Structure formats: structure tokens, C-alpha cells
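Letter by letter, the chains look like this.
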Amino acid sequence: MTLIISAVVLGAFTYGFRVAGPLLHGRMAPSPQTQEWMTSAATVLLVALCVTSAFADGKEWSDPARPIAVAVAGLAAWFRAPFLVVVLIAAVTAAVIRLVT
């Protein structure tokens, strides 16, 4: 029963959070400094997600191919390669390293 209540409460808060954006869009305008901070915060969260998922999968440490492939993909993204190219470069890098080791 507690699980059902938790799921309903989480769903209600998620729905409320999503509805708040369009409803408050015309009434509130964040300052340019706040917008810049939110953009930087989103970037930091994505980088943190990439780093943590590159080194571990939640149960154990990953093989050396994964962090190297993530680093190579990050380098390709830095040079503004298309997303599909970034993914393919990461996949090929990981495959080659796993084949060699």
C-alpha cells in the first residue's frame, strides 16, 4: 500500500512540476544570471552522469574500454561531430579495445 501511495504522490509532483512551466512562463522571468547558472548546472549534471556511468554500472567497476570510449566520444563531441558519429566512434572504440584485450 505504501508503494502505491508513494507512486501516486511522485506522479502528482511530477505532473505539477511539468505543468508549472507553461503556467508560470508569462508571469515569471528568471534573470540572465539565473538562466546562465541553470545552463551550467545542466551541463555539470550531464558530465557527472557520463563520468559515473563510465566507471561503474551500479554493481561493479567497468572494464577499461568503457571510460576510454566515453573519453573519445567526449572529444568527438567537443569538436562538434554529429551525434550519430559520436555514438559510432564510441562503439567502435570500445569494440576495438575489447577485441585487443
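Anyway, here's the lowdown on the structure attached to this text. (Residues numbered from 1 in each chain as written. Predicted model: local features only at pLDDT ≥ 70, side-chain atom pairs only at ≥ 80, totals over all residues. Heavy atoms only, no water.)

Quick word on the overall build of the chain
Here is step 1 of the chain: Helix and strand counts for the chain come out as four helices and zero strands.
Here is step 2 of the chain: The C-alpha radius of gyration of the chain comes to 20 Å, more than 25% above the 13 Å expected for a compact globule of 101 residues.
Here is step 3 of the chain: C-alpha atoms of the chain, sized along the principal axes, occupy 55 × 45 × 20 Å.
Here is step 4 of the chain: In the chain, once contacts between residues fewer than 6 apart in sequence are set aside, the share between residues at least 24 apart is 30%.
Here is step 5 of the chain: Averaging the positions of the 6 positive and the 4 negative side-chain charges in the chain gives two centres separated by 12 Å. (Helix = DSSP H or I, 4+ residues; strand = E, 2+ residues; numbered from the N terminus. Rg over C-alpha atoms; globule rule 2.2 N^0.38 Å. Contact = heavy atoms within 4.5 Å. Lys, Arg positive; Asp, Glu negative; His and termini not counted. Charge placed at Lys NZ, Arg CZ, Asp CG, Glu CD.)

Section: the side chain of Thr93
Here is step 1 of the chain: Considering the arrangement of structural elements, one finds Thr93 in helix H4 (residues 83-100).
Here is step 2 of the chain: The buried category is assigned to Thr93, whose relative accessible area is 17%.
Here is step 3 of the chain: In terms of polar contacts, Thr93 uses its side chain to reach the backbone carbonyl oxygen of Ile89, at 2.7 Å.
Here is step 4 of the chain: If we ignore the near neighbours within four places in the chain, the residues touching Thr93 are Ile68, Ala69 and Val72. (Buried < 20%, exposed > 50% of the residue type's maximum accessible area, 1.4 Å probe, protein only. Polar contact = N/O pair within 3.5 Å; in protein donor to acceptor, adjacent residues only side chain to side chain.)

Concerning unusual backbone geometry
Here is step 1 of the chain: You will see that Arg80, though not glycine, has its phi angle at about 60°, which is positive.
Here is step 2 of the chain: Mapping Arg80 onto the fold places it in the loop between helix H3 (65-78) and H4.

Quick look at the environment of Ser40
Here is step 1 of the chain: Position of Ser40 relative to the elements: it lies in helix H2 (residues 32-55).
Here is step 2 of the chain: According to the relative accessible area criterion, Ser40 is partly exposed, its value standing at 39%.
Here is step 3 of the chain: The sequence separation of Ser40 and Val85 amounts to 45 residues, and the corresponding C-alpha distance is 25 Å.

With respect to the packing of H3 against H4
Here is step 1 of the chain: Orientation of H3 relative to H4, taken along the N-to-C sense of each, is 150°, at an axis distance of 8 Å. What the angle tells us is that H3 and H4 run roughly antiparallel. The crossing of H3 and H4 is right-handed. Every residue of H4 that contacts H3 at Ala65, Arg66, Ile68, Ala69, Val72, Ala73, Ala76 and Ala77 is listed here: Val86, Ile89, Ala90, Thr93, Ala94, Ile97 and Arg98.
Here is step 2 of the chain: Residues that form the contact of H3 with H4 fall into these classes: twelve nonpolar, one polar and two charged. (Axes fitted to C-alpha atoms, helices over the stretch in contact; angles between N-to-C directions. Parallel < 35°, antiparallel > 145°, perpendicular 65-115°, else oblique. Left-handed = near helix turned anticlockwise from the far one by under 90°. Nonpolar A, V, L, I, M, F, W, Y, C, P; charged D, E, K, R; others polar.)

What to know about the packing of H2 against H3
Here is step 1 of the chain: At a minimum axis separation of 7 Å, H2 and H3 run at an interaxial angle of 150°. Relative to H3, the element H2 is oriented roughly antiparallel. Along its contact with H2, which presents Cys50, Ser53, Ala54 and Phe55, the element H3 presents Arg66, Pro67 and Val70.
Here is step 2 of the chain: Tallied by class, residues from the contact of H2 with H3 come to five nonpolar, one polar and one charged.

Here's the deal with the pattern of salt bridges
Here is step 1 of the chain: Overall, the coordinates contain one salt bridge when judged by the stated rule.
Here is step 2 of the chain: A salt bridge links Arg98 to Asp63, with the shortest nitrogen-to-oxygen separation between them at 2.7 Å. Note that Arg98 is positioned in helix H4 and Asp63 in the loop between H2 and H3, a separation of 35 residues in sequence.
Here is step 3 of the chain: By relative accessible area, which is 29% here, Asp63 ends up partly exposed. (Salt bridge = Lys/Arg side-chain N within 4 Å of Asp/Glu carboxyl O.)

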